[in-house]
There are 2 protein chains.
Amino acid sequence: MPDFAGGRSALSLLPVDADLAPLPDVDHQRVVFEDGMLLDCGTVLAPMAVAYRTYGRLNADRSNAVLVCHALTGDQYVAETHPVTGREGWWKGVVGPGDPVDTSRFFVICANVLGGCMGSTGPREEMTDPATGRGLGRPWGTDFPHVTIRDMVRAQAKLVEHLGIKRLLAVVGGSMGGMQALEWAATYPERVFACAPIATAAHHSAQNIAFDEVGRAAIHSDPAWKGGRYWEDGSVPAQGLSVARMVAHITYLSEAALTRKFGRRLQGAKALTFLEDVFQVESYLRHQGSTFVRRFDANSYLTITRAMDYFDLAAEHGGELSTAFQNTATRFLLASFSSDWLFPTEESREVVRALNKAAANVSFVEIASDKGHDAFLLDEPEFRQTLAGFLRGAAEKLGV
Amino acid sequence: MPDFAGGRSALSLLPVDADLAPLPDVDHQRVVFEDGMLLDCGTVLAPMAVAYRTYGRLNADRSNAVLVCHALTGDQYVAETHPVTGREGWWKGVVGPGDPVDTSRFFVICANVLGGCMGSTGPREEMTDPATGRGLGRPWGTDFPHVTIRDMVRAQAKLVEHLGIKRLLAVVGGSMGGMQALEWAATYPERVFACAPIATAAHHSAQNIAFDEVGRAAIHSDPAWKGGRYWEDGSVPAQGLSVARMVAHITYLSEAALTRKFGRRLQGAKALTFLEDVFQVESYLRHQGSTFVRRFDANSYLTITRAMDYFDLAAEHGGELSTAFQNTATRFLLASFSSDWLFPTEESREVVRALNKAAANVSFVEIASDKGHDAFLLDEPEFRQTLAGFLRGAAEKLGV
């Protein structure tokens, strides 16, 4: 077995505003590609680091690797305690020993996306001189080039090659992770035996772009953002990023989930009073906003939401989605959740129709759930069973 | 006929940031109640001004008056060119000569809500000393007391009394205007012959409260808000108010309306580029946000959204909505729009069920529309015909 530990980050997280508790300084496991990579925007990013985590053991013929792709604000710590927040892995119950993505059977890889802020090259990492590849002693910030979902996938492909894996047993991801899974199947069909895009779409809807734009406007309008140069004095555009997180968080929940969680219950009061912060839902959202800024970089948020907004798999293939999957041998599982209004079932069906048109092997399930988009991260037994069965079937087919 | 012109505002609009074109200085038609009014929060607001406009002629027996209640960011200029923005009346096609609320047949009254910023007493108006009633030479700002939907309705009732009208032929309103219509019927049943609450609900949902909270957080986090004291140096929390407007605007539209208007069409570009502001929907939202700050006061926005969030007609009546309408003789028309996800049809049905339980005279229609919540303001022939028929029927019953 090769040494998969890779290089270690030299850059620490940037200092955080005095009002916020400092984040622990973390050296993320990563591999650095000195020759870098050509991005869709035409820029060569060199060197390029990909931070990642692996779980389980790669088998002798290297046929049991499953790549998990994370969503907008996720990262590579999918199945372990997060080194920054101290919280459990973000896909608990889905990735782990005995779980659908079974780390006692599969070799599971999860990488921080390009443009992210947990060790992969992104706005928070040290900017390099394109001519010499040498560090410039300052973060990329808003000078970080625009990246696409396809760029993220190409960077992961380099990691997978680095790990000596020719074909992935499966690529699995939800939300923006599902976009990456679709992009994997379209860009590297011969390297993806099975593909499970969950709660996702082949393009971002006008409404989703609009909500992202509100988040970006909130960050841009925070004077602490300083035109993206907040890293110069170690400040954090906490207010703007917090508002962005609040609005996004609402879109992750269904009305039923919000009502069940909070309804109109008042925060510590028996009757209507006129104090601020009186509704529990407000208090909850403010908490969501303020904890988020402790772990996420504002310029990364801008970079990644923009990548999601630009994602349009059909447009990459002459405007016809089925062309993206022409002659594919990959087997697909699409899953949506009935109360998800960010990535509604109809958008999964659109992908299924394209796959059918391409005569692909595809199964599709809409999971009944009232938990909204968040359902893909939560305890949904039917989803877990469906995904487990799909991966088991793929593994058996390959004799893993 | 009495002189309905009322007093004129002594306070002009507050100065606007140098970056924004100055607003025209407008003297709104208004009546000032020197004795003021006791608010739900226990404060007496004295004096209290109500700015209003009327259209058409009050008939001899004063039986043809229709009160129109405006929504969150509306005002009294329902059926004429707006003196500040120069745009046409906000309910064009619904209120006017020959329209459903027919100004050639009815005497139509529309008042700026208490807490508003078009001449009624609110955060932008001159603060008064509660003991002496004398002006303090500064605006109320965040010292303006909390107001409720019921307070808004009580203030309108004082106006209606002032106009010498004992009973309204009808109260009509959409969105927050519908909340006021419901509150009118519950608080003054003997003064409302017919009531048409449109695209509304008897309480604000958890999701709606959450979206409002995002808007308020955006305003609070704008340093130019200055804890609500932006009027001191004539600045405007334009960024925060603009973000608040952007997020609210998304909730007014359906996904279909957004897609039809903009889809993923690019702003002045044939292919994907990486310029900022590249999607038309983003450009549109930014425009919505920036024009809004020219006409609306941030502290009013905070005051009025808070009133909407507190609105809970059942809670005002022991937790049982039907009690609000017990023994009512008012006839009701409820209307919702099929793609409205801010005030979905189910929330109108909840009111209809309560009215049925109270044995009220009620009809209900869900208008098929893909225009979202905004549909109530737009050209929807079926809605217009339904409302016209309802008001004509009420008028004939009263021999108007």
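The structure displayed is predicted, hence computed values, not measured ones.

**Here's the deal with the UniProt feature "binding site: substrate" (unreviewed entry) in chain A**
All names here are of chain A. Sites flagged by UniProt as "binding site: substrate" (unreviewed entry) map to Arg245 and Asp374. A maximum C-alpha distance of 14.0 Å is found for the annotated residues, which run over 130 residues; spatially they form one tight group. Among the secondary structure elements, arginine 245 is positioned in helix H4 (residues 238–252). Within polar-contact distance, the side chain of arginine 245 engages the side chain of threonine 73 at 3.4 Å. As for its position among the elements, aspartate 374 is in the loop between strand S15 (361–367) and helix H9 (381–397). Discounting chain neighbours no more than four positions away, the residues touching aspartate 374 are Tyr252 and Leu253.

**Description of the packing of helix H3 (residues 206–220) of chain A against H4(A)**
In helix packing, the relevant descriptors are the interaxial angle and the interaxial distance, both defined with respect to the helix axes. Residue and element names in this part refer to chain A. Contact pair H3 / H4: the axes reach a minimum separation of 7 Å and the direction vectors enclose 165°. Here H4 runs roughly antiparallel to H3, going by the angle between their axes. Here H3 and H4 pass one another in a crossing that is right-handed. Of the residues in H4, those in contact with Phe211, Val214, Gly215, Ala218 and Ile219 of H3 are Gly240, Leu241, Val243, Ala244, Val247 and Thr251. Tallied by class, the residues present in the contact of H3 with H4 amount to eight nonpolar, three polar and no charged.

**Observations concerning the environment of B:Asp312**
Residues and elements named next belong to chain B. Its place among the elements puts aspartate 312 in the loop between helix H7 (298–310) and strand S14 (331–337). Residue aspartate 312 is classed as buried on the basis of its relative accessible area, which comes to 17%. For the pair aspartate 312 and threonine 148, spaced 164 residues apart in sequence, the C-alpha to C-alpha distance is 10.0 Å.

**With respect to the pattern of salt bridges**
One pass over the full model with this rule turns up 35 salt bridges over all chains. When the shortest N-O distance is used, the salt bridge between B:Arg191 and B:Glu190 registers 3.7 Å. According to the relative accessible area criterion, B:Arg191 is buried, its value standing at 18%. Each of A:Asp40, A:Arg150, A:Asp151, A:Arg154 and A:Glu316 takes part in one network of salt bridges that share partners.

Thresholds applied
- Residues numbered from 1 in each chain as written.
- Chains lettered and ligands numbered in written order.
- Predicted model: local features only at pLDDT ≥ 70, side-chain atom pairs only at ≥ 80, totals over all residues.
- Heavy atoms only, no water.
- UniProt positions renumbered as here; feature names shortened; annotations may be inferred.
- Helix = DSSP H or I, 4+ residues; strand = E, 2+ residues; numbered from the N terminus.
- Polar contact = N/O pair within 3.5 Å; in protein donor to acceptor, adjacent residues only side chain to side chain.
- Contact = heavy atoms within 4.5 Å.
- Axes fitted to C-alpha atoms, helices over the stretch in contact; angles between N-to-C directions.
- Parallel < 35°, antiparallel > 145°, perpendicular 65-115°, else oblique.
- Left-handed = near helix turned anticlockwise from the far one by under 90°.
- Nonpolar A, V, L, I, M, F, W, Y, C, P; charged D, E, K, R; others polar.
- Buried < 20%, exposed > 50% of the residue type's maximum accessible area, 1.4 Å probe, protein only.
- Salt bridge = Lys/Arg side-chain N within 4 Å of Asp/Glu carboxyl O.

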